[in-house]
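What follows is each chain in one-letter form.
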Amino acid sequence: MDYNSNLHKSLSRDRVVETYGEWTAMSIYLGDDQYTLMPGKVDYRLRRLVQVASDLVGKPLNQIRVLDLACLEGHYGIEFALHGSEVVGIEIREANLEKARFAKHHLKLDNLYLYQDDVRNLSKEKYSSFDVVLCSGILYHLKPPDVFQFVKKIYEVCERVVLFDTFISLSDRKSVEFEGKTYWGLDYVEHPEEATAEDKKRDLWASIDNTISLWMTHASLSNLVAHVGFTSFYECYVPTMPNNLTDRKTYVAIKGKPVKLLSSPVTEQTPHVDIPENEPKKVHPAQIKPSPIFQFVKKTFPQPVKDMIKPVLRSLRLLEQDQTPEFLKKQAKSDK
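All of these numbers come straight from a predicted model, not from anything done at the bench. (Residues numbered from 1 in each chain as written. Predicted model: local features only at pLDDT ≥ 70, side-chain atom pairs only at ≥ 80, totals over all residues. Heavy atoms only, no water.)

Participant: Would you take a moment to explain the overall build of the protein for this structure?
Facilitator: The helix and strand inventory of the protein stands at 13 helices and 12 strands. What you see for the protein is a C-alpha radius of gyration of 26 Å, clearly larger than the 20 Å of a compact globule of 336 residues, by over 25%. Along the three orthogonal principal directions, the C-alpha set of the protein runs to about 90 × 50 × 45 Å. Counting all 336 residues of the protein, 43% fall into the buried class. Nonlocal contacts in the protein, meaning residues at least 24 apart in sequence, comprise 70% of its contacts between residues at least 6 apart. Of the roughly 19500 Å² of accessible surface on the protein, a fraction of 54% belongs to carbon and sulfur atoms. Side-chain charges in the protein split into 45 positive and 46 negative, and the spacing between the mean points of these groups amounts to 8 Å. (Helix = DSSP H or I, 4+ residues; strand = E, 2+ residues; numbered from the N terminus. Rg over C-alpha atoms; globule rule 2.2 N^0.38 Å. Buried < 20%, exposed > 50% of the residue type's maximum accessible area, 1.4 Å probe, protein only. Contact = heavy atoms within 4.5 Å. Areas by Shrake-Rupley, 256 points an atom, 1.4 Å probe, with all protein chains shown as cover. Lys, Arg positive; Asp, Glu negative; His and termini not counted. Charge placed at Lys NZ, Arg CZ, Asp CG, Glu CD.)

This is how it looks when you write it as structure tokens:
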């Protein structure tokens, strides 16, 4: 149930900090040069999430419904609420939620609804559906099969746009099966094995119960998103996030309708192909710097000799495969 006690309207920031601890991440402006996190800090992720959602949702922000999953201290949901969106924030830890409630009441945001709940309980029956779903900082805190089922539930409640901001694994150290598919990533240690339930609850930036979480690879996360039904998936680069870690990514999933191709039956009948793990990078030959020997041969050998040598080098994988389109090869022959 959303919490709307008048208590928070009379509490000061210092009183909230005394009772629940300092804000850990979200620097929300309260007016009169006061922030929840002092001093105020730049939040590049906030700018990215709000701008991308605004660009893609297809409606003014004051006409959309937003879900902020594991909202922590509530900053992202509060920003959308300030723009007039109807926002639902879900957070399991009381300390985080109380700070979000304080900011909500201080800013008089009656269009922001905060619920203490486990995001794994997400369902359309419980929370209805949303134009924009924010899944920032939570996906990499879940273990299998919860993480896979969670993405399925996000698809269920999403009407248009999901923003995933998450860590990814840069290696395929572990494989996990789910619904007949294999996903890869690494095990991330959330808590020591001996951690108690109270220890886990106090660790505000870790999972609420599991000691190990799965960080999926880029390929596996992309494949999972496609498997559950999203029609397109993109990585975000702009707005920029200076000094962001290489393994922290922002992705956009779109819930659209599959388009039937009319001009190419063979393409229409070809099924979706998953992204392979560790796919070799393929580039145009122009991107590859030739070796000194290659440059010498190219300059000194006559063309007929080079034409004889190339197939041998390609069979030995010492030379890139010929990327010349067939129509250009035929045209070259006819020009001789």
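Participant: What should I look at first to understand the sheet that holds strand β3 (residues 65–69) in this one?
Facilitator: Backbone hydrogen bonds hold the strands of a sheet together, and the pairing may be parallel or antiparallel. Read across the sheet, 7 strands follow the order β5-β4-β3-β6-β7-β12-β11 without closing on themselves; strand pairing throughout is mixed. The sheet is open, and its two borders are formed by β5 (112–116) and β11 (232–235), each paired with just one other strand. Ignoring strand direction, the axes of neighbouring strands in this sheet form an average angle of 15°. Relative to strand β12 (residues 248–254), strand β7 (residues 158–167) runs antiparallel, the two sharing 7 bridges. Along β12, the bridge assignment pairs Val161 with Ile254. Relative to the sheet, helix α3 (residues 44–57) contacts β6 (130–136), β7 and β12, its axis offset from that of β7 by approximately 155°. (Pairing = 2+ DSSP bridges. Axes fitted to C-alpha atoms, helices over the stretch in contact; angles between N-to-C directions.)

Participant: Help me understand the pattern of salt bridges, please; the structure alone is not making it clear to me.
Facilitator: A side chain with one charge can pair with a side chain of the opposite charge if their charged atoms come near. Evaluation of the coordinates by the stated rule reveals 17 salt bridges. Put simply, Arg13 and Asp14 hold a salt bridge, and the shortest N to O gap is 3.6 Å. When its relative accessible area of 57% is taken as the criterion, Asp14 is described as exposed. In this structure, a network of salt bridges that share partners links the residues Asp118, Arg120, Asp146 and Asp209. (Salt bridge = Lys/Arg side-chain N within 4 Å of Asp/Glu carboxyl O.)

Participant: Honestly, unusual backbone geometry in this entry has me stumped. Any pointers?
Facilitator: The phi angle of most residues is negative, glycine excepted, and most peptide bonds adopt the trans form. Here Pro144 and Pro145 are connected by a cis peptide whose omega angle stands at -5°. That bond from Val238 to Pro239 is cis: its omega, 0°, falls within 30 degrees of zero. Relative to the assigned elements, Pro239 resides in the loop between β11 and β12. One non-glycine residue, Ser128, adopts positive backbone phi at about 70°. Here Ser128 lies in the loop between α6 (124–127) and β6. Accessibility expressed as a relative area gives 37% for Ser128, which makes it partly exposed. For Asn243, which is not glycine, the phi torsion reads 65° and is therefore positive. Looking at where Asn243 falls in the secondary structure, it is placed in the loop between β11 and β12.

Participant: I keep staring at the nonpolar core and nothing clicks. Help me out?
Facilitator: The nonpolar side chains of a soluble globular protein tend to be buried with one another. Judged by nonpolar contacts, the single largest core of 36 residues is most densely connected at Leu69, Phe150, Ile154 and Phe164. For this core, the element with the highest residue contribution is helix α7 (residues 146–157), accounting for 6 residues. In this structure, Leu49, Ala53, Phe80 and Leu112 belong to the second largest nonpolar core, which totals 31 residues. (Core = buried A, V, L, I, M, F, W, Y, C linked by side-chain atoms within 4.5 Å.)

Participant: It is not clear to me how a nonpolar patch on the surface should be interpreted in this structure. Could you clarify?
Facilitator: On the surface, Phe296, Phe301 and Val305 cluster together into a nonpolar patch covering about 250 Å² of accessible area. The topology assignment puts Phe301 in the loop between α11 (292–300) and α12 (303–315). (Patch = residues over 30% accessible without salt bridge, like charges linked within 9 Å, V, L, I, M, F, W, Y side chains within 5 Å.)

Participant: Sorry if this is basic, but what is going on with the side chain of Asp165 here?
Facilitator: Relative to the helices and strands, Asp165 resides in strand β7. For Asp165, the side chain forms a polar contact with the side chain of Thr250, separated by 2.4 Å. (Polar contact = N/O pair within 3.5 Å; in protein donor to acceptor, adjacent residues only side chain to side chain.)

Participant: What exactly am I supposed to notice about the environment of Ala25 here?
Facilitator: Mapping Ala25 onto the fold places it in the loop between α2 (13–20) and β1 (29–31). In sequence terms Ala25 and Glu73 are 48 residues apart; their C-alpha atoms lie 7.7 Å from each other. Look past the residues within four positions of Ala25 in its chain and what remains in contact with it is Leu37, Leu72, Glu73 and Trp205.

Participant: Looking at this model, I keep getting lost on the sheet that holds strand β8 (residues 174–178). Mind explaining?
Facilitator: Strand order in the open sheet formed by 3 strands is β8-β9-β10, with antiparallel pairing between adjacent strands. Across the chains shown, the open sheet's two edge strands, defined by having one partner strand only, are β8 and β10 (212–216). Adjacent strand axes in the sheet meet at a mean angle of 50°, parallel and antiparallel pairs treated alike. With 5 bridges joining them, strand β9 (residues 181–189) and β10 adopt antiparallel strand pairing. Each bridged residue has a counterpart across the sheet, and for Asp187 the counterpart in β10 is Leu214. Packed on one face of the sheet, helix α9 (residues 218–228) meets β9 and β10 and runs near 130° to β9.

Function cannot be read off these values alone, since they describe shape.
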